[in-house]
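Reading the structure
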Amino acid sequence: MNLVMRIGVLLILLPSGANGDGHEFEPIQVVRSYPPIERAPFLPAAKVRHEVTDDELVLGVVIGGEARAYPINMLTGPSREIINDRLGGRAIAATW
Amino acid sequence: MVYARAIEHEEKPQELTFQVSGKLWHRSLVMRDMQTRSLWSHILGECMQGPLKGVILETLAAEMVTWGSWRERHPKTTVLALPRTDDFYDSTVYRDKRGWVFGVVIDGDSLAFPFDVLAKRRAVEAEIAGHPVIATFDPRTTRATLFSRRSKKKGSKPHRFTFDANKNTLVDRATSSRWNPASGEAIDGPLKGERLSVLPGIVSFREPWRVFHPKSRYADVGQDK
(Lines give C-alpha, C1' and ligand atoms only; values in the text may rest on other atoms or scores of the structure.)
Protein backbone atom coordinates (compact mmCIF):
# COMPACT_ATOMS: atom_id res chain seq x y z
CA MET A 1 0.00 0.00 0.00
CA ASN A 2 1.32 3.47 -0.75
CA LEU A 3 1.39 6.21 1.93
CA VAL A 4 -1.90 7.82 0.92
CA MET A 5 -3.71 4.50 1.14
CA ARG A 6 -2.14 3.72 4.53
CA ILE A 7 -3.31 7.07 5.95
CA GLY A 8 -6.75 6.53 4.44
CA VAL A 9 -7.07 3.12 6.08
CA LEU A 10 -5.85 4.55 9.42
CA LEU A 11 -8.46 7.34 9.34
CA ILE A 12 -11.23 4.87 8.68
CA LEU A 13 -10.09 2.71 11.58
CA LEU A 14 -9.91 5.59 14.13
CA PRO A 15 -12.87 5.44 16.55
CA SER A 16 -15.39 8.24 16.29
CA GLY A 17 -18.35 9.01 18.49
CA ALA A 18 -20.75 7.76 15.85
CA ASN A 19 -20.20 4.69 13.77
CA GLY A 20 -22.05 2.85 11.06
CA ASP A 21 -24.39 0.86 13.20
CA GLY A 22 -24.99 3.90 15.36
CA HIS A 23 -25.44 2.20 18.68
CA GLU A 24 -22.05 1.14 19.95
CA PHE A 25 -21.27 3.32 22.93
CA GLU A 26 -18.17 5.30 21.99
CA PRO A 27 -18.30 8.66 23.74
CA ILE A 28 -15.77 11.39 23.04
CA GLN A 29 -14.34 13.61 25.79
CA VAL A 30 -14.94 17.16 24.56
CA VAL A 31 -14.64 19.19 27.78
CA ARG A 32 -13.68 18.42 31.40
CA SER A 33 -16.23 16.91 33.76
CA TYR A 34 -18.09 19.22 36.18
CA PRO A 35 -18.93 18.76 39.86
CA PRO A 36 -22.52 17.62 40.48
CA ILE A 37 -24.94 20.40 41.47
CA GLU A 38 -26.77 19.30 44.61
CA ARG A 39 -27.86 22.31 46.64
CA ALA A 40 -28.99 24.86 44.09
CA PRO A 41 -30.87 27.93 45.39
CA PHE A 42 -34.60 28.38 44.80
CA LEU A 43 -37.14 31.17 45.10
CA PRO A 44 -40.89 31.13 45.54
CA ALA A 45 -42.65 32.52 42.46
CA ALA A 46 -43.78 35.61 44.36
CA LYS A 47 -40.16 36.63 45.00
CA VAL A 48 -39.07 36.46 41.36
CA ARG A 49 -38.02 39.84 39.91
CA HIS A 50 -35.60 39.68 36.98
CA GLU A 51 -34.38 36.09 37.34
CA VAL A 52 -36.76 34.80 34.68
CA THR A 53 -39.31 36.57 32.48
CA ASP A 54 -42.75 35.35 31.42
CA ASP A 55 -41.80 34.41 27.88
CA GLU A 56 -38.66 32.49 28.83
CA LEU A 57 -38.80 28.71 28.73
CA VAL A 58 -38.68 26.59 31.87
CA LEU A 59 -38.64 22.87 32.56
CA GLY A 60 -41.58 22.49 34.92
CA VAL A 61 -42.35 19.48 37.08
CA VAL A 62 -44.92 18.62 39.78
CA ILE A 63 -44.11 15.79 42.18
CA GLY A 64 -46.04 14.92 45.29
CA GLY A 65 -48.03 18.12 44.92
CA GLU A 66 -44.89 20.31 44.84
CA ALA A 67 -44.21 22.35 41.69
CA ARG A 68 -40.79 23.55 40.60
CA ALA A 69 -39.50 25.27 37.47
CA TYR A 70 -35.95 25.23 36.08
CA PRO A 71 -35.38 28.10 33.63
CA ILE A 72 -33.53 26.87 30.56
CA ASN A 73 -31.54 30.10 30.52
CA MET A 74 -29.91 28.93 33.76
CA LEU A 75 -29.14 25.43 32.45
CA THR A 76 -27.13 26.02 29.30
CA GLY A 77 -23.47 25.09 29.36
CA PRO A 78 -21.76 22.00 30.80
CA SER A 79 -21.52 23.38 34.34
CA ARG A 80 -25.32 23.56 34.61
CA GLU A 81 -26.91 20.83 32.51
CA ILE A 82 -27.81 18.54 35.42
CA ILE A 83 -29.49 19.75 38.61
CA ASN A 84 -29.68 17.07 41.32
CA ASP A 85 -32.66 17.95 43.42
CA ARG A 86 -35.32 16.70 45.82
CA LEU A 87 -39.00 17.46 45.26
CA GLY A 88 -42.18 16.12 46.81
CA GLY A 89 -40.18 13.49 48.65
CA ARG A 90 -38.37 12.18 45.54
CA ALA A 91 -34.77 12.51 44.45
CA ILE A 92 -34.76 13.85 40.88
CA ALA A 93 -32.37 15.11 38.22
CA ALA A 94 -33.59 18.05 36.13
CA THR A 95 -31.54 18.01 32.94
CA TRP A 96 -31.06 19.96 29.77
CA MET B 1 -36.11 16.00 30.88
CA VAL B 2 -36.50 15.00 34.50
CA TYR B 3 -35.33 11.65 35.78
CA ALA B 4 -35.80 9.89 39.10
CA ARG B 5 -32.44 9.43 40.85
CA ALA B 6 -33.56 6.42 42.85
CA ILE B 7 -32.93 3.12 41.09
CA GLU B 8 -33.00 -0.54 41.92
CA HIS B 9 -30.12 -2.66 40.75
CA GLU B 10 -29.79 -6.35 41.54
CA GLU B 11 -32.63 -5.88 44.02
CA LYS B 12 -30.71 -3.21 45.93
CA PRO B 13 -32.19 0.30 46.04
CA GLN B 14 -29.74 3.12 45.39
CA GLU B 15 -29.90 6.90 45.05
CA LEU B 16 -27.62 8.34 42.38
CA THR B 17 -26.10 11.80 41.97
CA PHE B 18 -25.16 12.85 38.45
CA GLN B 19 -22.42 15.01 36.98
CA VAL B 20 -21.80 16.24 33.47
CA SER B 21 -19.04 13.91 32.28
CA GLY B 22 -17.76 16.24 29.58
CA LYS B 23 -18.24 13.42 27.07
CA LEU B 24 -20.61 13.42 24.12
CA TRP B 25 -22.12 10.43 22.35
CA HIS B 26 -23.69 11.24 18.99
CA ARG B 27 -23.30 14.86 20.10
CA SER B 28 -25.54 14.20 23.10
CA LEU B 29 -24.74 14.67 26.79
CA VAL B 30 -23.21 11.73 28.67
CA MET B 31 -23.85 11.77 32.43
CA ARG B 32 -21.78 10.06 35.11
CA ASP B 33 -23.14 8.94 38.46
CA MET B 34 -20.89 9.69 41.44
CA GLN B 35 -21.74 6.46 43.27
CA THR B 36 -20.46 3.92 40.70
CA ARG B 37 -18.87 6.18 38.05
CA SER B 38 -21.04 4.54 35.40
CA LEU B 39 -21.78 6.49 32.20
CA TRP B 40 -25.34 7.28 31.12
CA SER B 41 -26.87 8.52 27.86
CA HIS B 42 -28.84 11.63 28.75
CA ILE B 43 -31.35 11.31 25.93
CA LEU B 44 -32.02 7.59 26.49
CA GLY B 45 -31.81 7.72 30.30
CA GLU B 46 -29.89 4.47 30.06
CA CYS B 47 -26.63 3.40 31.67
CA MET B 48 -24.28 2.56 28.80
CA GLN B 49 -21.09 1.59 30.61
CA GLY B 50 -19.95 0.66 34.10
CA PRO B 51 -21.38 -1.33 37.03
CA LEU B 52 -24.94 -0.13 36.33
CA LYS B 53 -24.89 -0.86 32.60
CA GLY B 54 -28.38 -1.59 31.33
CA VAL B 55 -30.25 0.27 34.10
CA ILE B 56 -32.83 2.67 32.72
CA LEU B 57 -33.87 5.72 34.74
CA GLU B 58 -37.54 6.44 35.30
CA THR B 59 -38.55 9.49 33.25
CA LEU B 60 -40.92 11.79 35.16
CA ALA B 61 -43.60 13.82 33.41
CA ALA B 62 -42.37 17.38 32.95
CA GLU B 63 -43.25 20.31 30.73
CA MET B 64 -41.13 22.55 28.56
CA VAL B 65 -43.20 25.73 28.68
CA THR B 66 -43.03 29.49 29.24
CA TRP B 67 -42.56 30.71 32.81
CA GLY B 68 -45.72 32.80 32.51
CA SER B 69 -47.82 29.76 31.66
CA TRP B 70 -46.24 27.63 34.38
CA ARG B 71 -46.64 30.10 37.23
CA GLU B 72 -50.21 30.87 36.22
CA ARG B 73 -51.12 27.19 36.52
CA HIS B 74 -48.92 26.55 39.56
CA PRO B 75 -48.98 29.76 41.66
CA LYS B 76 -47.13 28.12 44.57
CA THR B 77 -44.25 26.93 42.40
CA THR B 78 -40.64 27.50 43.32
CA VAL B 79 -38.05 28.32 40.67
CA LEU B 80 -34.33 27.66 40.36
CA ALA B 81 -32.34 30.85 41.05
CA LEU B 82 -28.83 30.34 39.66
CA PRO B 83 -27.12 33.14 37.73
CA ARG B 84 -28.30 33.25 34.16
CA THR B 85 -26.15 31.52 31.52
CA ASP B 86 -28.11 32.54 28.44
CA ASP B 87 -30.85 34.79 27.07
CA PHE B 88 -31.80 32.72 24.07
CA TYR B 89 -34.48 30.30 25.25
CA ASP B 90 -37.94 31.81 25.00
CA SER B 91 -41.07 30.83 23.08
CA THR B 92 -39.60 32.16 19.80
CA VAL B 93 -37.06 29.32 19.86
CA TYR B 94 -39.76 27.05 18.55
CA ARG B 95 -40.52 29.35 15.66
CA ASP B 96 -39.31 26.80 13.15
CA LYS B 97 -41.57 24.09 14.48
CA ARG B 98 -40.36 21.52 11.99
CA GLY B 99 -37.09 21.32 13.90
CA TRP B 100 -38.66 20.04 17.14
CA VAL B 101 -40.54 16.96 18.24
CA PHE B 102 -42.32 15.83 21.38
CA GLY B 103 -41.03 12.29 21.69
CA VAL B 104 -42.45 9.39 23.65
CA VAL B 105 -41.21 5.86 24.31
CA ILE B 106 -43.50 3.31 25.97
CA ASP B 107 -42.45 -0.34 26.24
CA GLY B 108 -39.91 0.09 23.45
CA ASP B 109 -42.40 1.68 21.02
CA SER B 110 -41.34 5.20 20.03
CA LEU B 111 -43.58 7.88 18.58
CA ALA B 112 -42.62 11.48 17.91
CA PHE B 113 -45.17 14.29 17.57
CA PRO B 114 -43.55 16.98 15.39
CA PHE B 115 -44.26 20.48 16.73
CA ASP B 116 -45.65 21.68 13.40
CA VAL B 117 -48.19 18.83 13.47
CA LEU B 118 -49.06 19.59 17.09
CA ALA B 119 -49.39 23.31 16.37
CA LYS B 120 -51.75 22.64 13.50
CA ARG B 121 -53.93 20.02 15.20
CA ARG B 122 -53.61 21.10 18.89
CA ALA B 123 -54.53 17.55 20.01
CA VAL B 124 -53.31 14.32 18.42
CA GLU B 125 -54.54 10.89 19.44
CA ALA B 126 -52.34 7.84 19.04
CA GLU B 127 -51.58 4.38 20.33
CA ILE B 128 -48.15 3.58 21.68
CA ALA B 129 -47.41 -0.05 22.54
CA GLY B 130 -51.16 -0.57 22.65
CA HIS B 131 -51.70 2.29 25.12
CA PRO B 132 -54.27 4.88 23.95
CA VAL B 133 -52.81 8.37 24.37
CA ILE B 134 -53.37 11.97 23.36
CA ALA B 135 -50.79 14.75 22.97
CA THR B 136 -52.03 18.32 23.44
CA PHE B 137 -50.17 21.49 22.48
CA ASP B 138 -50.49 25.20 23.11
CA PRO B 139 -48.58 27.15 20.43
CA ARG B 140 -48.63 30.33 22.51
CA THR B 141 -46.78 28.84 25.47
CA THR B 142 -45.18 25.90 23.61
CA ARG B 143 -46.56 23.47 26.19
CA ALA B 144 -46.77 19.85 24.97
CA THR B 145 -48.36 17.28 27.28
CA LEU B 146 -49.11 13.59 26.87
CA PHE B 147 -52.09 11.98 28.56
CA SER B 148 -53.46 8.47 28.76
CA ARG B 149 -56.91 8.19 27.19
CA ARG B 150 -57.87 5.29 29.45
CA SER B 151 -61.14 5.92 31.21
CA LYS B 152 -61.13 5.90 35.01
CA LYS B 153 -64.41 3.98 34.83
CA LYS B 154 -63.69 0.25 34.84
CA GLY B 155 -64.69 -1.56 31.68
CA SER B 156 -65.17 1.63 29.66
CA LYS B 157 -63.49 2.13 26.32
CA PRO B 158 -60.71 4.71 26.03
CA HIS B 159 -61.85 8.29 25.52
CA ARG B 160 -61.99 9.70 21.99
CA PHE B 161 -61.60 13.47 21.78
CA THR B 162 -62.08 16.35 19.41
CA PHE B 163 -60.46 19.74 19.99
CA ASP B 164 -62.62 22.85 20.21
CA ALA B 165 -60.31 25.69 19.16
CA ASN B 166 -62.85 28.36 20.08
CA LYS B 167 -63.09 27.30 23.69
CA ASN B 168 -59.57 25.80 23.88
CA THR B 169 -60.96 22.57 25.33
CA LEU B 170 -61.02 18.88 24.50
CA VAL B 171 -64.48 17.38 24.05
CA ASP B 172 -64.98 13.65 24.51
CA ARG B 173 -67.19 12.00 21.93
CA ALA B 174 -69.08 9.73 24.32
CA THR B 175 -70.46 12.34 26.74
CA SER B 176 -69.46 15.71 25.22
CA SER B 177 -67.81 16.66 28.49
CA ARG B 178 -65.24 19.45 28.22
CA TRP B 179 -61.65 18.89 29.34
CA ASN B 180 -58.77 21.25 30.10
CA PRO B 181 -56.01 20.35 27.59
CA ALA B 182 -53.19 21.41 29.96
CA SER B 183 -54.32 19.62 33.11
CA GLY B 184 -56.33 16.77 31.56
CA GLU B 185 -59.23 17.48 33.92
CA ALA B 186 -62.87 17.36 32.82
CA ILE B 187 -64.22 20.80 33.73
CA ASP B 188 -67.82 20.43 32.52
CA GLY B 189 -70.35 17.77 31.62
CA PRO B 190 -71.16 14.28 32.91
CA LEU B 191 -67.49 13.41 33.48
CA LYS B 192 -66.66 16.62 35.35
CA GLY B 193 -63.87 15.99 37.85
CA GLU B 194 -62.32 13.03 36.06
CA ARG B 195 -58.65 13.53 35.31
CA LEU B 196 -56.50 11.93 32.61
CA SER B 197 -53.15 10.51 33.76
CA VAL B 198 -50.09 12.42 32.54
CA LEU B 199 -47.39 10.36 30.80
CA PRO B 200 -43.75 11.34 30.26
CA GLY B 201 -42.58 12.70 26.92
CA ILE B 202 -39.55 14.80 26.01
CA VAL B 203 -39.02 17.84 23.86
CA SER B 204 -36.13 17.17 21.52
CA PHE B 205 -34.53 18.47 18.38
CA ARG B 206 -35.73 16.29 15.53
CA GLU B 207 -32.32 15.02 14.48
CA PRO B 208 -31.10 13.67 17.86
CA TRP B 209 -34.49 11.96 18.26
CA ARG B 210 -34.03 10.28 14.91
CA VAL B 211 -30.48 9.23 15.75
CA PHE B 212 -31.38 7.70 19.12
CA HIS B 213 -34.74 6.29 18.05
CA PRO B 214 -34.20 5.15 14.47
CA LYS B 215 -37.36 3.02 14.52
CA SER B 216 -39.57 5.85 15.79
CA ARG B 217 -42.89 6.57 14.12
CA TYR B 218 -43.93 10.16 13.50
CA ALA B 219 -47.44 11.56 13.91
CA ASP B 220 -48.51 13.41 10.82
CA VAL B 221 -50.96 16.09 9.92
CA GLY B 222 -53.56 13.99 8.20
CA GLN B 223 -54.24 11.08 10.49
CA ASP B 224 -54.03 9.54 13.91
CA LYS B 225 -51.70 6.54 14.13
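Residues numbered from 1 in each chain as written. Chains lettered and ligands numbered in written order. Predicted model: local features only at pLDDT ≥ 70, side-chain atom pairs only at ≥ 80, totals over all residues. Heavy atoms only, no water.

**Some words on the overall build of chain A**
- Check the secondary structure of chain A and you find one helix and six strands.
- In sequence order, chain A lays out its α and β elements as α-β-β-β-β-β-β.
- Looking at the 96 residues of chain A, the share that counts as buried comes to 41%.
- Accessible area for chain A stands at about 5300 Å²; split by element, carbon and sulfur atoms hold 60% of it. (Helix = DSSP H or I, 4+ residues; strand = E, 2+ residues; numbered from the N terminus. Buried < 20%, exposed > 50% of the residue type's maximum accessible area, 1.4 Å probe, protein only. Areas by Shrake-Rupley, 256 points an atom, 1.4 Å probe, with all protein chains shown as cover.)

**A look at the side chain of B:E194**
All names here are of chain B.
- Looking at the secondary structure, you find E194 in the loop between strand 19 (186–188) and strand 20 (198–199).
- No salt bridge is formed by the buried E194, whose closest oppositely charged neighbour, K152, lies at an N-O distance of 5.6 Å.
- In terms of polar contacts, E194 uses its side chain to reach the backbone amide nitrogen of K152, at 3.2 Å.
- Residues in contact with E194, not counting those within four places in the same chain, are S151, K152, H159, W179, G184, E185 and A186. (Lys, Arg positive; Asp, Glu negative; His and termini not counted. Salt bridge = Lys/Arg side-chain N within 4 Å of Asp/Glu carboxyl O. Polar contact = N/O pair within 3.5 Å; in protein donor to acceptor, adjacent residues only side chain to side chain. Contact = heavy atoms within 4.5 Å.)

**Brief notes about the interface of chain B and chain A**
- On the chain A side, the residues contacting the 61 residues of chain B number 65 residues.
- At the boundary of chain B and chain A, one finds four salt bridges.
- A salt bridge links A:R86 to B:E15, with the nearest nitrogen and oxygen atoms 2.7 Å apart.
- Where chain B touches chain A, the interface holds 43 residue pairs in polar contact (both at pLDDT 80 or more).
- Top element by residues in the side of chain B that touches chain A is strand 4 (residues 18–25) of chain B. It accounts for eight residues.
- Residue composition of the side of chain B that touches chain A, grouped by class: 35 nonpolar, 15 polar and 11 charged.
- Of the strand pairs in this sheet, strand 2 (residues 42–44) of chain A and strand 10 (residues 78–80) of chain B are connected by three bridges, and their pairing is antiparallel. The partner of A:F42 across the bridge, within strand 10 of chain B, is B:L80. (Nonpolar A, V, L, I, M, F, W, Y, C, P; charged D, E, K, R; others polar. Pairing = 2+ DSSP bridges.)

**Examining the side chain of B:T169**
Residues and elements named next belong to chain B.
- With respect to the helices and strands, T169 occurs in strand 17 (residues 169–172).
- For T169, a relative accessible area of 6% corresponds to the buried category.
- Of the polar contacts made by the side chain of T169, one reaches the side chain of R178; its length is 2.6 Å.
- Once residues within four sequence positions are removed from consideration, T169 is found in contact with T162, F163, D164, R178, W179, P181 and I187.

**Section: a nonpolar patch on the surface**
- Together, A:I28, A:V30 and A:V31 make up a nonpolar patch on the protein surface, roughly 230 Å² of accessible area in all.
- Mapped onto the elements, A:V30 comes out in the loop between strand 1 (28–29) and strand 2. (Patch = residues over 30% accessible without salt bridge, like charges linked within 9 Å, V, L, I, M, F, W, Y side chains within 5 Å.)

**What about the pairing of strand 16 (residues 161–164) of chain B?**
Residues and elements named next belong to chain B.
- As paired elements, strand 16 and strand 17 share four bridges and run antiparallel to each other. Bridging from a neighbouring strand, D164 pairs with T169 of strand 17.
- Hairpin connection between strand 16 and strand 17: a loop of four residues separates the two successive antiparallel strands, and N168 in this loop has a positive phi of roughly 50 degrees.

**Observations regarding the sheet that holds strand 18 (residues 178–179) of chain B**
Residue and element names in this part refer to chain B.
- Pairing is antiparallel across the open sheet formed by four strands, whose spatial order is 16-17-18-19. The two strands at the open ends of the sheet, each matched to only one other strand, are strand 16 and strand 19.
- Where strand 18 and strand 19 come together, two bridges link them in antiparallel fashion. Residue pairing in the sheet places W179 in a bridge with A186 of strand 19.

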